[in-house]
Amino acid sequence: MVLTVPDAGAYEPDIKAIGRHILAAAGVQPPLILQPDWWESQALELANRDPVFRTQLLRFLEVFPTLRTVDHMASHIQEYFEDPSGELPPVLRWGIKAAWPGQLTTGLVARTIEYNLNLVSQAYIAGKTPADAAGTLRRLHREKAAVTLNMLGEGAPGARRAESLQKDYVEAIRLLSREAAHWPGDTPADNAPWGPAPRVSISLKLSSICPRLDPLDFDNACEVAATCLRPILRAARDQRAAVILDMEQFRLRDLTLAVVRLLFAEREFRDYPHLGVAVQAYLRDAEEDILDLVNLAHERSTPIAIRLVKGAYWEEEAGLAAREHWPSPVLLHKADTDAQFERLARLLVEHSDCVHPVIASHNPRSVACGLAACRAAGLPDTTIEWQVLLGMSQRLRKALVQEGLRVRVYAPVGDLATGMPYLARRMLETTSPESFLRLTGPSDKERERVLARPLPTPDLKHLLLERIDVHPTDPKEPGPFHNEPRLDFAREVNRLEMSQALAAGGGRPRAPPPPGPLVIGGHETDTGRIITSLNPAHPDQILGTVAAAGPGEAERAVQAARAAATEWRSTAHAERAAVLFRAADLMRRERSQLAALAILEAGKTWREADAEVIEAIDFLEYYGREILRIAEPRILGGVPGETNHHFYEPRGVAAVIAPWNFPLAILTGMTAAALVAGNTVVMKPASDTPLIAWELHRLLMEAGLPPAALAYLPGSGPEVGNYLVEHPEVNVIAFTGSSAVGLDIVRRAGVLRPGQVAVKHVVAEMGGKNAIIVDDDADLRSAVEGIAASAFGFGGQKCSACSRVIALESIHDRLLERLTEAAELMVVGDPALPGTDMGPLINPQAVAKVKGYIARGQEEARLAFSGRLPEDTGQPDAPAYPQYVAPHIFVDVDPHAAIAQEEIFGPVISMCRARDFDHALTIANSVAYGLTGGVYSRAPSHVRAAIHGFRVGNLYINRGITGAMVGRQPFGGFKHSGTGSRAGGPDYLLHFLEPRTVTEAARPTTPHNAGGPPHC
């Protein structure tokens, strides 16, 4: 039976009356979170007023558990809380001054901070373990409140930690059940209108017990999560305990709900009434989630508990959506969330015959709305279970208990290191300018503000949740550049689109007739020789064949490009840009098909393939806009009597020599830049990936590029590539590949040959021995995630990939342990399967037989390269397929030794120790490369030192070092890593242009012999 509850507007006076009564019972409750003596209330008050101080305070809280010495702590206090303006309160100013390293007072300040933060954690965290928390839970029971226990540590870093936490939950259920059996008396929370409620309850996040939850691999992730959760549900059922699944980030929302639908309907759990799940009111489609759960409850004929929360990840979700140009999954205004929260509370009351409403809020207005809805429906006040956080709104909690309501306290468990992010999140909420706690005061006016009805903005819930087109379609007025949004694989529609593209004939929109021809001067050519494109995951599968060029075809291609150069260079800049914009639109149309081809031909995984296509689109859009900016003639100087025109013109014929590992993105970037600058192009793709290059050629032709302006010339590098490099009529060479080949190209191009008029210009992006430094105060979880993605993503086959990890001595072993766990979780296999992290290598070498995950010392590393690791290492073997490579970590290998310098293929990193941060920088700079680098540190002085002293083209702070974005992180290195080309940046097109200056003298306005005074 569904009850009808009128809109809140119909009983708004009742809400206000109930709310005033609750506030009166609770008394005045100023915001007291995180307020021990050392702050003297002033730190929080300043955080309320000053967003910069608030940010620094939150950062200090997060880094604090990693600070292991007094001086370490003192230096961070000094760096985080510098006060050049002198606006800090006196007590804080004194404390910071007293914390200067080496002073007598340093230890006192450091110990005081540590002592007080531990006190804070004890106020808001029930204990380090469930056993430690038993006393707090017993006290809360005496105060007539029930408890739900949550073990902190979402996002398990590895399988061992996840398995341990799973066992801890099972043991906690048994332990607390024994404890609760001895608690005297009943509390209001023990008795619901439908019968006794469990005393023992746990709340858990799936990511805490499942180390690998990826919505991309949806079905498998769902089954793995269900497998991890079943033992906990069985223990809860056997002990008659309640379990509620917490909601995490939006990307895991659908996955969590799928696990709920799977498990709650299984035979062994479908009759158990004490299972539930949280719903976040800030999600636009939260109402649909509740209705789906209501239907599930009807199907299983057993109630489900639904905990309604506002949502704890708003800033993260809104920020991610803004960065990715995705539609926001969350409502963007607090009033919208508050209004939806009230509407959803009424919805839960309406369906309280089949769901058990649980409302989590510290807002008296929200409590009043729920109670008013119950009364409007004729239901008892105890229909709803109210949940509050341990340590927050204690007066409200006691007031609700006094009113005879069912109250349960959400009690986290964990140590200071795992608990600090939770405490920081609580502080972030409490010090927010929109927090209702800041509005609570003794006056009637302040109380009425708390109880005021939220005024939502026009309903935004039904905005299209498809991809946003961030690029205007008018090529004449393209507007500002924005990166093409990635596919959000948390959404089912995007997973389905990619699956269909892979299933549809290998993902190729239109294949060339076998064998595919060369295209020279707009004419198709068959050479009688072929290049065969194979699927590297299945080497016996032929994807297609194309004609192979030789020196003769290369000569014809250069001559055809030379013949077409005059007409193309005379084409207006806007028209050239329009070709690129149209090609970008065509790529969007065939986006998933192109990505599927990158998966099949280049071994890209799903996300890597999608990134490949959107980067190609970005290059087209960005360079099209750049030529419009650069092409505007400039007048230099301001001298009377002359005019100085500065402008650019194309160099002539460009040879584009592309790599296999980015067969569409880099090929598109180099080709588009040369073309839009007015050069004609001979395009030589990698021999391993000719089909996707054919698709690029086809799309550019369809976009209106004159056929003679671009030659499609697949062929071998030594034969065709070298011929183009040495040809006297090739003016500019754009190359991406290994340092050995790139340096050879620079040498060959530097020779002036007979008939050569211009000095060749070489744009070379080459390899790197890229290092990531991990400081002793780093967030190790973030560092491991960043290193694993940078080193092992796409099998390490990126010029920007991490190949060296330099860890400070004090954290080296802990980092190695966690990094090894991360390596063990990597899935190596067919990239067409959505759960694969690393596909096969197209160009496997000896390293393809590396075994296991750790090789210690120089000699063992050399054995690993030869595939002859000792059999007794106990490490797992690499997959059976020779083209696959397991992640591998070399430990304590001399970074200066030859093995650390070799050009290797495969996800292999060398890990070494540094005495201090300066030593780490020295090691990082000790190689002949300078492409990318990374630093994980929370010490501002070390970050500044890295910015000035880490000599690489692209430096990344506290994030992975791969995945540079066009227009955001212009990419390129120096030393042996390249010519500093800065692809995707404002300087890149200049490599394909010649600057010219024309000076024109003004004509005299009178004859030279006119005579007369000079100023008549």
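What counts, and where the lines are drawn
- Residues numbered from 1 in each chain as written.
- Predicted model: local features only at pLDDT ≥ 70, side-chain atom pairs only at ≥ 80, totals over all residues.
- Heavy atoms only, no water.
- Helix = DSSP H or I, 4+ residues; strand = E, 2+ residues; numbered from the N terminus.
- Buried < 20%, exposed > 50% of the residue type's maximum accessible area, 1.4 Å probe, protein only.
- Contact = heavy atoms within 4.5 Å.
- Areas by Shrake-Rupley, 256 points an atom, 1.4 Å probe, with all protein chains shown as cover.
- Patch = residues over 30% accessible without salt bridge, like charges linked within 9 Å, V, L, I, M, F, W, Y side chains within 5 Å.
- Salt bridge = Lys/Arg side-chain N within 4 Å of Asp/Glu carboxyl O.
- Lys, Arg positive; Asp, Glu negative; His and termini not counted.
- Charge placed at Lys NZ, Arg CZ, Asp CG, Glu CD.
- Arc of directions from axis to C-beta.
- Axes fitted to C-alpha atoms, helices over the stretch in contact; angles between N-to-C directions.
- Parallel < 35°, antiparallel > 145°, perpendicular 65-115°, else oblique.
- Left-handed = near helix turned anticlockwise from the far one by under 90°.
- Nonpolar A, V, L, I, M, F, W, Y, C, P; charged D, E, K, R; others polar.
- Core = buried A, V, L, I, M, F, W, Y, C linked by side-chain atoms within 4.5 Å.
- Polar contact = N/O pair within 3.5 Å; in protein donor to acceptor, adjacent residues only side chain to side chain.
- Phe/Tyr/Trp six-rings, centres within 6.5 Å; stacked < 30°, edge-to-face > 60°.
- Lys NZ or Arg CZ within 6 Å of the ring centre and 35° of its normal.
- Pairing = 2+ DSSP bridges.
- Right-handed = clockwise from strand over helix to strand, strands pointing away.
- Expected span 1.5 Å × (residues − 1).
- pLDDT = per-residue confidence, 0-100.

### Describing the overall build of the protein chain
Check the secondary structure of the protein chain and you find 32 helices and 31 strands. Per-residue burial for the protein chain yields a buried fraction of 58% across its 1016 residues. Considering only contacts in the protein chain between residues 6 or more positions apart, those separated by 24 or more positions represent 77%. As presented, the protein chain carries roughly 40,400 Å² of accessible surface, and 54% of it is formed by carbon and sulfur atoms.

### Let's talk about a positive patch on the surface
A grouping of R68, R161, R781, R814 and R818 is seen on the molecular surface, where their side chains present a positively charged patch. Relative to the assigned elements, R161 resides in helix α8 (residues 159-180). On the accessibility criterion, R161 (30% relative accessible area) is partly exposed.

### Notes on unusual backbone geometry
Notably, R240 is not glycine yet its phi reads approximately 55 degrees, a positive angle. Structurally, R240 can be placed in the loop between α10 (218-239) and β5 (242-245). For R240, a relative accessible area of 38% gives the class partly exposed. Of note in the backbone geometry, S301 takes a positive phi value of approximately 60 degrees without being a glycine. Tracing the backbone shows S301 in the loop between α12 (286-300) and β7 (304-309). Overall, S301 belongs to the exposed group, its relative accessible area being 65%.

### Points about the environment of A17
Take A17: it is sitting in helix α1 (residues 12-26). Along the primary structure A17 and L451 are separated by 434 residues, whereas in three dimensions their C-alpha atoms are 9.5 Å apart.

### Let's talk about helix α26 (residues 717-726)
Considered for burial, the residues of α26 that qualify are V720, G721, L724 and V725. Summarising the axial view, the buried residues of α26 lie within an arc of 135 degrees, below the 170-degree limit, and thus occupy one face. Where α26 is buried, its residues contact α20 (551-569), β17 (653-657), β18 (680-684), β20 (732-736) and α27 (739-749).

### Details of the packing of helix α14 (residues 334-350) against helix α15 (residues 364-376)
In contact at an axis separation of 9 Å, α14 and α15 are set at 30 degrees when each is read in the N-to-C sense. Our classification of the angle between α14 and α15 gives roughly parallel. When the axes of α14 and α15 are compared, the crossing they make is right-handed. Together, F341, E342, R346 and V349 of α14 and R365, S366, C369, A373 and C374 of α15 make up the contact between the two elements. Of the residues belonging to the contact of α14 with α15, the class tally is five nonpolar, one polar and three charged.

### Here's the deal with the packing of α8 against α10
The description of two helices packed together rests on the angle between their axes and the distance between the axes. Between α8 and α10, whose axes approach to 9 Å, the crossing angle comes to 5 degrees. In terms of their interaxial angle, α8 and α10 are classed as roughly parallel. Counting all contacts with α8, which are made through Q166, Y169, V170, I173, R174 and S177, the residues of α10 involved are T227, C228, P231, I232, A235, A236 and Q239.

### Topic: the nonpolar core
Judged by nonpolar contacts, the single largest core of 101 residues is most densely connected at L204, L229 and I232. At eleven residues, α10 tops the list of elements feeding residues into this core. Those residues within four positions of L229 in sequence are excluded, and the remaining contacts are L204, L206, I209, L245, V259 and L263.

### Details of the pattern of salt bridges
One side chain can pair with another of opposite charge once the charged atoms of both are near each other. Here the structure, examined in full by the defined rule, presents 59 salt bridges. With a closest N to O distance of 3.2 Å, R253 and D285 form a salt bridge. One end of the pair, R253, is in helix α11 (residues 253-264); the other, D285, is in the loop between β6 (275-280) and α12, and 32 residues separate them in sequence. For D381, the salt bridge is made with R375, and the minimal N-O distance between the two is 2.8 Å. Residue classification places D381 among the partly exposed positions, given a relative accessible area of 22%. A single network of salt bridges, built from pairs that share partners, joins E484, D585, R588, R591, D610, E621 and R625.

### Section: the side chain of H727
As for its position among the elements, H727 is in the loop between α26 and β20. H727 sits in the buried class, given a relative accessible area of 5%. Among the polar contacts made by the side chain of H727, one reaches the side chain of E555 at a distance of 2.8 Å. When residues no more than four places from it in sequence are discounted, the contact partners of H727 are E555, V558, Q559 and K760.

### So, the packing of aromatic side chains
Scanning all chains against the criterion turns up eight aromatic pairs. Pairing F481 with Y622 gives two aromatic rings, centres 5.3 Å apart and planes at 75 degrees, and the pair type is edge-to-face. Residue F481 is located in the loop between α18 (444-450) and α19 (492-503), and its partner Y622 is located in helix α23 (residues 606-630); the two are separated by 141 residues in the primary sequence. A relative accessible area of 9% means that Y622 is categorised as buried. Clustering of aromatic rings is evident, with ring pairs tying together F481, F619, Y622, Y623, Y988 and F992. K604 extends its terminal NZ or CZ atom over the ring of F662, reaching a point 3.8 Å from the ring centre. Over the ring of F794 we find K604, and its NZ or CZ is 4.3 Å from the ring centre.

### Here's the deal with the side chain of E553
Counting through the fold element by element, E553 comes out in helix α20. Not counting the four nearest positions on each side in its chain, E553 is found in contact with L518, I520, T527, R529 and L713.

### Comments concerning the sheet that holds strand β15 (residues 634-636)
Each strand in a sheet pairs with another by means of backbone hydrogen bonds, the pair being arranged parallel or else antiparallel. The sheet built from three strands is open, its strands ordered β15-β16-β31 with antiparallel pairing. In this open sheet, the two edge strands, each paired with only one partner strand, are β15 and β31 (993-1001). Averaged over all pairs of adjacent strands, the angle between their axes in this sheet comes to 30 degrees, without regard to strand direction.

### Quick word on the pairing of β17
Most of β17 is tucked away: five of the five residues are buried. Across the two faces of β17 the burial is the same, with V653, A655 and I657 and A654 and V656 all buried. With helix α24 (residues 665-676) bridging β17 and its parallel neighbour β18, the resulting β-α-β unit is right-handed. Two elements, β17 and β20, share four bridges in a ladder whose sense is parallel. Directly across from A654, in β20, lies its bridge partner V732.

### With respect to α19
The periodicity of an α-helix, 3.6 residues per turn, causes residues three or four places apart in sequence to face the same way. Between the first and last C-alpha of α19 there are 16 Å, a value that for twelve residues agrees with the 16 Å anticipated at 1.5 Å per step. Three or more residues of α19 are buried, namely N494, R495, M498, A501 and L502. For α19, the angular spread of the buried residues around the axis is 130 degrees, confining them to a single face. Pointing more than 90 degrees away from the buried face of α19 are the exposed residues E492 and A503. Packed against the buried residues of α19 are α10, α22 (591-602) and α23.

### Quick word on the pairing of strand β1 (residues 146-151)
Summarising burial for β1: six of the six residues are buried, a large majority. With burial as the criterion, each face of β1 is covered, one bearing A146, T148 and N150 and the other bearing V147, L149 and M151. Bridge count for β1 against strand β10 (residues 406-413) is six bridges, and the pairing is parallel. Bridging across to β10, V147 finds its partner in V409.

### A few points about the confidence of the model for the protein chain
In the predicted model, the protein chain carries a mean pLDDT of 84, and 82% of its residues have values of at least 70. In this model, residues 29-40 is a region of pLDDT below 50 whose contacts with residues beyond four sequence positions or in other chains number 34 contacts. Across residues 863-882, confidence stays below pLDDT 50; counting only partners more than four residues off in sequence or on other chains, it has 32 contacts.

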